Amino acid sequence: MPGRMRDPGPLARGRVPAGGRRDPVRATASDPAPADPPIADETWSMADLRSRAAELGIEGRSSMNKAELIEALRRP
């Protein structure tokens, strides 16, 4: 319907998602340390692999195939 507003989601209504925090930046000393990021594997989509490669600044990621991206992400 035109003019009808979409539901803004639980965070906009002030609710905290199950098992989550409203603002992860405001973590306290009593909060557990964040877990290590997951290791890339064949179950990841190409978009996820490229996104993670971009976060890590891996050069040539746009021309890599899936196996090459996984290998590059697993390198220290």
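A brief structural summary. What you see is a predicted model, and the numbers here were worked out from it, not measured in a lab. (Residues numbered from 1 in each chain as written. Predicted model: local features only at pLDDT ≥ 70, side-chain atom pairs only at ≥ 80, totals over all residues. Heavy atoms only, no water.)

### Re the overall build of the protein
We count it as follows: Numbering of helices and strands starts at the N terminus; helices are DSSP runs of H or I of at least 4 residues and strands are runs of E of at least 2. Using a 1.4 Å probe on the protein chains alone, a residue whose accessible area is under 20% of its type maximum counts as buried, one over 50% counts as exposed, and one in between counts as partly exposed. The criterion used for residue contact is that any of the two residues' heavy atoms lie within 4.5 Å. We get accessible surface area from the Shrake-Rupley algorithm with a probe of 1.4 Å; when it comes to residues, only the shown protein chains can shield them.
Assigned secondary structure in the protein consists of two helices and zero strands. Buried positions account for 14% of the 76 residues belonging to the protein. For the protein, contacts bridging at least 24 residues in sequence account for 23% of all contacts bridging at least 6. Carbon and sulfur atoms form 54% of the exposed surface of the protein, whose accessible area is close to 6500 Å².

### Regarding the pattern of salt bridges
Basically, it comes down to this: The salt bridge criterion pairs a side-chain nitrogen of Lys or Arg with a carboxyl oxygen of Asp or Glu, the two atoms within 4 Å.
Counted by the stated rule, this structure contains two salt bridges. Ionic pairing is found between Glu55 and Arg52, a salt bridge with its closest N-O pair at 2.8 Å. Taken together, the residues span about one helical turn, with Glu55 and Arg52 both in helix H1 (residues 46-56) at a distance of three residues. Looking at Glu55, the relative accessible area reads 57%, which means it is exposed. A relative accessible area of 22% places Arg52 in the partly exposed class. With a closest N to O distance of 3.7 Å, Arg75 and Glu71 form a salt bridge. What makes Glu71 partly exposed here is its relative accessible area of 48%.

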